[in-house]
Protein chains: 2
Amino acid sequence: MKIIDLISERKKEGHIPFYSFEYFPPKTEEGIINLKSRIERMVHQLNPLFADVTWGAGGSTSTETINISSWIERYSGTEAMMHLTLTNMTLEQIDTAIEEAKEKGIKNILALRGDPPRGQEAWRPPEGGLHYASDLVRHIKEKYGDYFGIAVAGYPEGHVDATSKEDDLSHLKEKVDAGADLIITQLFYDDDVFIDFYQKCREIGIACPIIPGIMPIQSYQGFHRMTTFCKTKVPQQILDDLEAIKEDEDEVKKYGINLAIKTCKKLAEYGIEGFHFYTLNLERSVIAIVNELGLVETEREAPWRKVAGRRDEGVRPIHWGNRPKSYIERTLAWDDYPNWRWGDARSPAFGAPHPLSTRNYTIAQIKDLRKKWGSPETEEDVKNIFVRFLQGEINRLPWLEEELEKETILIQNLLVEMNNHNLLTITSQPQVNGALSTDAKVGWGPKSQKLNGYVYQRAFVEFFCPPSFVDAIISVLDKHSSVSYMAANIAGDFKTNMEEGTVIAATWGVFPNREILQPTIVDREVFYKWWRQEAFAVWLDEWAVIYEDESPSKQLLRSIYDSYYLFNVIENDYIGGNIDSLFEEVLTALPSRN
Amino acid sequence: MKIIDLISERKKEGHIPFYSFEYFPPKTEEGIINLKSRIERMVHQLNPLFADVTWGAGGSTSTETINISSWIERYSGTEAMMHLTLTNMTLEQIDTAIEEAKEKGIKNILALRGDPPRGQEAWRPPEGGLHYASDLVRHIKEKYGDYFGIAVAGYPEGHVDATSKEDDLSHLKEKVDAGADLIITQLFYDDDVFIDFYQKCREIGIACPIIPGIMPIQSYQGFHRMTTFCKTKVPQQILDDLEAIKEDEDEVKKYGINLAIKTCKKLAEYGIEGFHFYTLNLERSVIAIVNELGLVETEREAPWRKVAGRRDEGVRPIHWGNRPKSYIERTLAWDDYPNWRWGDARSPAFGAPHPLSTRNYTIAQIKDLRKKWGSPETEEDVKNIFVRFLQGEINRLPWLEEELEKETILIQNLLVEMNNHNLLTITSQPQVNGALSTDAKVGWGPKSQKLNGYVYQRAFVEFFCPPSFVDAIISVLDKHSSVSYMAANIAGDFKTNMEEGTVIAATWGVFPNREILQPTIVDREVFYKWWRQEAFAVWLDEWAVIYEDESPSKQLLRSIYDSYYLFNVIENDYIGGNIDSLFEEVLTALPSRN
């Protein structure tokens, strides 16, 4: 979605001011992995309006700009904006970059001229390139019409190359007239300079949102380097304050946080619509500032995290609860996403799921995972890893894409009991009968109707178990008419009491002025055809893969992969059902394992 | 749906034996109106598998055969079968009849040769016509492939024209081989004759269902006329029994009922799949028989009655609750019916609603309605009619297509209070928070999952009121954040707190192994564009129309039509809401009317 449209939406809902975060592409693979985790945490905790990635001018990092932007758009849960500069770029290279961005789902571009190439003092357009940012805006508009949201840079103190502030403002006006729908400013530390700039923009007829760029001071050295490079005017008071604490890094950081808060508060009072934070790929200061400003809204619109490219998506199969990125990836090619009701997965709009992609761990990750999971040599060892995960001693299982934050681990006695008996649980949810949609644990709901809603869940659990357990488990489940189950092994043996075509609502919510929303479901075909394959593949591709070939651990995991069954059990009766007592009955019926 | 497919479905669900009802087309308009009411009552109470209409051979009643069959298919709630005979029909006339049947939604034909034309002893095919029923079956198959379900007649005693029973059976076999998928037999009174016939059919390889035709004895004279005409063998015992009671009509009827029950029980034990009742357009005996056999299943699949042509239809706007036929008519041209979720009424599949059709009362109906509703001359008079309806003193209001049966009138103190204050209610439903789907009053559910479901309703009421009330009502409703409302007059003034595009689930149900079912909704656009027009039109077209032009009643109703507002109020909070206290507040806020 275009950022300008997101801003309009927020205005309509009264959620102004917003905030957004800027990152730069790291130079190493490890750095990129870490940055993604950081972005994910920040998006999850703070819910920014968008995140942007600077252009890796001229280097291989420009590829990473596109990749990280695309990753943000598709997986992070916020909207992405990609920077694009003219430095060292031929028109053909510019077109290639835009084309690739479009292909990868990016819908917003920050169009910049960029700095002169290294070793060159004054800006000259590259051969066969464009000269001004306004040329780039015009070019994008001509070639792509209204496809992209376009932002441009504003310079509160005037661009370093500008002959005068007036001259600079008229350039800015030209960029907006060429089709930009948003201005993001260069950093500044004198609030009045920004306000003056803002007023002048309005005076000459610039009507689009003008978002101040805020760079919290993170370190004394860094601050001086940056302000010198950008020729930023810094009020004497700030220089004096910093001088006094420059030896104490923490104090400098704290000062930077407070200064940014002061600026934001002042600008908010002045009516500014949002703040753009230069994070420098760091998270602590920005988190502190945004929290202190009291602007954070992280309500869950659905039990899973909505992502930028799929605003209309309203329902997903429940299995992927801990593997949302895998689900997104596997459904990338869909024309359309189901809107709060799953319907029929065989519908042509759904398309076939993408094949599984193999996870490539870095060497450091493998080392870390081996430390987490050890080197199991018996099924007992494997079981203990599941139990220790549930008890919080391990923060990740192979079936989870990310480490779980402590507070989201749902420690349930039932699950520990099950795992202790070799029913290895990988997803589950408790029964909920009409909890308030504002409930801290299980609440969710669409933004404007979040209040006054009620949410429901059917108790559900998914687990692997040894083949010798299957008959005993099924004989207990069959006694309970309100229970639906599926069990299958990798070879394709399938036991179920669900008819072909069955789709069960697993989570639903009733909100004012809406039809019923059904954000998660269990679909017989999807379980058998997609999820079973993926859940079993994890044994090999995301666990066994960290051990040496021929090692006992690898052999053990492969034998589990070959022989175990995956069970999906759902208690249809969300009012009178009791999954705890159901599984107590199951556990007592299990044959002994010797 | 084809009847043979319905039978398979029933078998799968274990609901065997079924039963079906046969009617003939009356000769007068009044008779047709009465027959339709009767069919409606019988379908509603007994839920037969299908109903068929005999062919009005050669007369204008053949047109009525098609019309009544089509009406059954579209509106009654059961599947229709149309008889078609060759008597006096050229091939072109046959084709015209089939073509018309198809156009009008009919999907099942009983293909018959028919009797010789009046005044003609032996059967000869008409010029340019077909000779045998098997020719007709073949013809339908050739021309329409698998479009129609085709039934043929079987003669347990042999056809009167057949040279032998064996000869007759081979003709029957020929009809089945030509493509018939069902046999319905001629009437009989000797059960063993039927069983013998049934066995012989199976012996010569007829594998399709063979349904006995049962004609309960309704009167002594009629029985003798019929059995003589059909040359039916009647066991001496029956003749003796009847002879003894022939003077007492009631006794004869009772005897006929008991005899039919005995036959059905015997045949059911023998494994027969269903019974076809010749009703002679009478209802009492058949109702008694079917009830006594204990075969009746009239569970509601949805809060409104499902009809034959729309098996997948799962949701309707709530306003038409008492005008289902009008709703069906207005949506006849839709490509597709929404399946348990309304979604977006602006979807292309929905099409534009048909224009309203004007109701044409017969003179007798007008007389009856004037007696019911009197000749109101003041708004007070009108109000009193609504109140008396709610108190059960009048059994119909113009907004109801049919008289309500006593037990379904929901007498609510709230509604009486409202009408007493000139809020003229036309539809409403109480709040329901998770009642069992088997609840006698508010329960409903899809056949196989009816058990273990829970149903929900948002309290909802729709009423007309004088324009002077509108502001006062809205000022109260606006104080309740969980209430959604719309109010509009015929000129188009529209007051609402619902955003454009709003669709609210009014009724929903949660069933095992399903997504959530949402059978009724309120849709802002549908209310304003379709329902408002229809609800107001009723004042003139279905009420004022019964009075003379220029009469005070007609003038009064027109002035109400011109000035009143139609209100739709729904309490979103189906758990904590209280529509009674809401309207108590509304009533005390109303301005006085002088």
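Bear in mind that the values here come from a model prediction, so they are computed numbers and not experimental data. Along every chain, residues carry numbers that run from 1 in the direction the sequence is written. To read the labels, note that chains go from A and ligands from 1, taken in the order they are written. Two thresholds apply to this predicted model, a pLDDT of at least 70 for residue-level local features and 80 or more for giving and counting side-chain atom pairs, whereas whole-chain, interface and lining totals are computed over all residues. Side-chain numbers here rest on the full set of heavy atoms in the structure, without hydrogens or water.

Asks: Run through the overall build of chain A, naming residues and quoting values.
Replies: A run of DSSP states H or I qualifies as a helix once it reaches four residues; a run of E qualifies as a strand once it reaches two. Both are numbered from the N-terminal end. Along the backbone of chain A there are 19 helices and 18 strands. Values of the radius of gyration come from C-alpha atoms, whereas the globule rule sets the reference at 2.2 Å times the count of residues to the power 0.38. In terms of overall dimensions, chain A is globule-like: its C-alpha atoms have a radius of gyration of 27 Å, near the 25 Å expected for 594 residues. By its C-alpha atoms, chain A is 85 × 55 × 50 Å across when sized along the principal axes. The buried label applies to any residue whose accessible area, calculated with a 1.4 Å probe on protein chains only, is under 20% of its type's maximum; exposed applies above 50%, and partly exposed to all values in between. Taken over 594 residues, chain A has a buried fraction of 56%. Throughout, the Shrake-Rupley method with a 1.4 Å probe supplies accessible areas, and for residues the shown protein chains are the sole cover considered. Element-wise, carbon and sulfur atoms account for 47% of the exposed surface of chain A, whose accessible area totals about 25,200 Å².

Asks: Help me get a handle on the packing of aromatic side chains, residues and values and all.
Replies: Residue and element names in this part refer to chain B. Here the aromatic set is Phe, Tyr and Trp, taking the six-membered ring for Trp, and pairing holds for ring centres within 6.5 Å; pairs whose planes are under 30 degrees apart are stacked, those over 60 apart are edge-to-face, and all others are tilted. Counted by the stated rule, this structure contains 75 aromatic pairs over all chains. Considering the side-chain rings of Tyr456 and Trp508, the 5.5 Å spacing of their centres and the 0° angle between planes classify their relative orientation as stacked. Highlighted residues: Tyr456 in strand S12 (residues 454-457) and Trp508 in strand S16 (residues 503-510), separated in sequence by 52 residues. You can call Tyr456 buried: its relative accessible area is 1%. Taking the relative accessible area as the measure of exposure, Trp508 reaches 0% and is therefore buried. With 6.4 Å between their ring centres and 70° between their planes, Trp539 and Tyr564 make a pair best called edge-to-face. A residue pair is termed long-range when its members are at least 10 positions apart, and Trp539 in helix H17 (residues 524-543) and Tyr564 in the loop between helix H18 (552-563) and strand S18 (565-571) qualify at 25 residues. On the accessibility criterion, Trp539 (0% relative accessible area) is buried.

Asks: How would you sum up the domain arrangement of chain A? Please name residues and give values.
Replies: Domain boundaries assigned for chain A yield domain 1 (3-293) and domain 2 (370-589). Each domain span listed reflects an automatic or database assignment of domains. One C-alpha centre belongs to domain 1 of chain A, the other to domain 2 of chain A; they are set 43 Å apart.

Asks: Help me get a handle on the interface of chain A and chain B, residues and values and all.
Replies: Reports of interface size often rely on the accessible area that becomes lost once the parts have come together. Between two residues, a contact is recorded if the distance between any of their heavy atoms is within 4.5 Å. Between chain A and chain B, the contact holds 32 residues from the first and 32 residues from the second. Summed over both partners, buried area is the accessible surface (1.4 Å probe) that two parts give up on being assembled. A per-residue breakdown of the area chain A buries against chain B is headed by Arg341, Asn513 and Glu515 of chain A, which together make up 29% of the total. In what follows, salt bridge is the name for a side-chain nitrogen of Lys or Arg lying within 4 Å of a carboxyl oxygen of Asp or Glu. Linking chain A with chain B are zero salt bridges, by the criterion used here. As used in this structure description, the phrase polar contact means that two N or O atoms lie within 3.5 Å; if the pair is within protein, one of them must be able to donate a hydrogen and the other to accept it, and residues adjacent in sequence are counted only when both atoms belong to side chains. Put simply, chain A and chain B have 22 residue pairs in polar contact (both at pLDDT 80 or more) between them. If you list the elements that add at least two residues to the side of chain A that touches chain B, you get strand S12 (454-457), strand S16 (503-510) and strand S17 (517-523) of chain A. The element contributing the most residues to the side of chain A that touches chain B is S16 of chain A, with five residues. Gly falls in the polar group here, along with every residue not listed as nonpolar (Ala, Val, Leu, Ile, Met, Phe, Trp, Tyr, Cys, Pro) or charged (Asp, Glu, Lys, Arg). In terms of residue class, the side of chain A that touches chain B is built from 16 nonpolar, 11 polar and five charged.

Asks: Hey, could you go over the confidence of the model for chain A for me, with residue numbers and the actual values?
Replies: Mean pLDDT over chain A stands at 91; residues scoring 70 or higher make up 96%. Here the complex is predicted with pTM 0.86, and the ipTM for its interfaces comes to 0.84. Per-residue confidence from the predictor is given as pLDDT, running between 0 and 100.

Asks: I'd like to hear about helix H15 (residues 413-420) of chain A, residue by residue, with values.
Replies: Turn by turn, an α-helix covers 3.6 residues, leaving residues three or four places apart pointing in a common direction. All names here are of chain A. Every buried residue of H15 is accounted for by Leu414, Leu415, Val416, Met418 and Asn419. If you follow the buried residues of H15, they end up packed against helix H14 (379-390), strand S10 (424-429), strand S13 (460-465) and helix H19 (579-589). Taken from the residues just after H15, Asn422 is the one with a positive phi, measuring 70°.

Asks: Go over the relation of the copies chain A and chain B with me, naming the residues and quoting the values.
Replies: The fit set for superposing copies consists of C-alpha atoms from residues with pLDDT of at least 70 in both; the fit itself is least squares. Its rotation angle being 180°, the transformation that places chain A on chain B also includes 0.0 Å of axial translation and leaves an RMSD of 0.1 Å. Accordingly, the operation relating the two chain copies is best matched by a two-fold axis. In terms of proximity to the rotation axis, the leading residue of chain A is Ile516 of chain A, whose C-alpha is 3.8 Å off the axis. Most of the interface of chain A is mirrored in chain B, where 100% of its interface residues are also at the interface.

Asks: I'd like a rundown of the pairing of strand S8 (residues 274-278) of chain B, residues and numbers included.
Replies: All names here are of chain B. Most of S8 sits out of view: five of its five residues are buried. Neither face of S8 is open: one carries Gly274, His276 and Tyr278, the other Phe275 and Phe277, and all of them are buried. Two elements, strand S1 (residues 18-23) and S8, share five bridges in a ladder whose sense is parallel. By the bridge assignment, Ser20 is partnered in S8 with His276. Sheet topology places strand S7 (residues 210-214) next to S8; two bridges connect them, and they run parallel. Bridge pairing in S8 links Gly213 to His276. Two strands make a pair as long as DSSP finds a minimum of two bridges between them.

Asks: Could you give me a rundown of a negative patch on the surface, with the residues and numbers involved?
Replies: Only residues whose relative accessible area exceeds 30% and that form no salt bridge are eligible for patches; like-charged ones are grouped when within 9 Å, while nonpolar side chains (Val, Leu, Ile, Met, Phe, Trp, Tyr) are grouped when within 5 Å. Counting rule for charge: Lys and Arg are taken as positive, Asp and Glu as negative, and neither His nor the chain ends is counted. To locate a charge, take NZ of a lysine, CZ of an arginine, CG of an aspartate or CD of a glutamate. Taken together, the side chains of Glu247, Asp248, Glu249 and Asp250 of chain A present a region of like negative charge at the surface. Mapped onto the elements, Asp250 of chain A comes out in helix H10 (residues 249-270).

Asks: Got a sec to walk through the sheet that holds S12 of chain B? Specific residues and values, please.
Replies: Residues and elements named next belong to chain B. The sheet built from five strands is open, its strands ordered S9-S17-S16-S12-S11 with mixed pairing. Edge positions in the sheet fall to strand S9 (316-317) and strand S11 (432-436), since each of these pairs with one other strand and no more. In the sheet, S12 pairs with S16 via four bridges, with the strands oriented antiparallel. For Gln457, the partnering residue across the bridge sits in S16 and is Thr507. Here an axis means a line fitted to C-alpha atoms, over the contact stretch when the element is a helix, while the angle between two N-to-C directions is reported on a 0 to 180 degree scale. Along the sheet, H17 makes contact with S9 and strand S17 (517-523), crossing S17 at roughly 60°.

Asks: Tell me what's going on with unusual backbone geometry, and back it up with residues and numbers.
Replies: Residue Asn281 of chain A is not a glycine yet carries a positive backbone phi of 60°. By secondary structure assignment, the location of Asn281 of chain A is in the loop between strand S8 (274-278) and helix H11 (284-293). Positive phi is not limited to glycine here, since Glu550 of chain B has a value of about 70°. Of note, Glu550 of chain B is situated in the loop between H17 and H18. Since its relative accessible area comes to 66%, Glu550 of chain B is described here as exposed.

Asks: I'd like to hear about the packing of H17 of chain B against H18 of chain B, residue by residue, with values.
Replies: All names here are of chain B. For the pair H17 and H18, interaxial distance at closest approach is 8 Å and the crossing angle is 165°. One element, H17, and the other, H18, form an angle in the roughly antiparallel class. H17 and H18 meet at a crossing whose hand is left-handed. Facing H17, whose interface residues are Phe536, Ala537, Trp539, Leu540 and Trp543, H18 presents Leu557, Arg558, Ile560 and Tyr561. Tallied by class, the residues present in the contact of H17 with H18 amount to eight nonpolar, no polar and one charged. Should an angle fall under 35 degrees it is taken as roughly parallel, and over 145 as roughly antiparallel, whereas 65 to 115 is taken as roughly perpendicular and any remaining angle as oblique. A clockwise turn of the near helix away from the far one marks a right-handed crossing, whereas an anticlockwise turn of less than a right angle marks a left-handed crossing.

Asks: Which residues make up a nonpolar patch on the surface, and what values do they have?
Replies: Residue and element names in this part refer to chain A. On the surface, Phe24, Leu280 and Leu282 cluster together to form a nonpolar patch covering roughly 220 Å² of accessible area. Within the secondary structure, Leu282 is located in the loop between S8 and H11. The class of Leu282 is partly exposed, set by a relative accessible area of 34%.

Asks: Provide a residue-level description of the pairing of S18 of chain B, including the pertinent values.
Replies: Residues and elements named next belong to chain B. Most of S18 sits inside the fold, with seven of its seven residues counted as buried. Direction of pairing for strand S13 (residues 460-465) relative to S18: antiparallel, over a ladder of six bridges. Its bridge partner being in S18, Val461 is matched across the sheet by Val569. The pairing of strand S14 (residues 483-489) with S18 spans seven bridges and is classified as antiparallel. If you follow Tyr485 over to S18, its bridge partner there is Val569.

Asks: Which residues make up the pattern of salt bridges, and what are the values?
Replies: As enumerated under the stated definition, the model contains 60 salt bridges over all chains in all. A salt bridge links Asp135 of chain A to Arg138 of chain A; the shortest N-O distance between them is 3.3 Å. With Asp135 of chain A and Arg138 of chain A both in helix H5 (residues 133-144), this residue pair falls three residues apart, about one helical turn. Residue Lys200 of chain B pairs with Asp196 of chain B through a salt bridge whose shortest N-O separation is 3.0 Å. Residue Lys200 of chain B and its partner Asp196 of chain B are both found in helix H7 (residues 191-203); the two are separated by four residues, about one turn of the helix. Linked by salt bridges that have partners in common, Arg323, Arg330, Glu534 and Glu542 of chain A make up one network.

Asks: So, the sheet that holds strand S4 (residues 108-112) of chain A: which residues are in play, and what are the values?
Replies: Residue and element names in this part refer to chain A. One closed barrel holds the eight strands; their spatial order is S1-S2-S3-S4-S5-S6-S7-S8, and the pairing between them is parallel. Taking the axes of each pair of neighbouring strands and ignoring which way they run, one obtains an average angle of 30° across the sheet. As defined by bridge partners, S4 adjoins strand S5 (residues 149-154) across four bridges and the pair is classed as parallel. Paired with Leu110 across the two strands is Ala151, which belongs to S5. Of the strands in this sheet, strand S3 (79-85), S4 and S5 are in contact with H5, which crosses S4 at around 145°.

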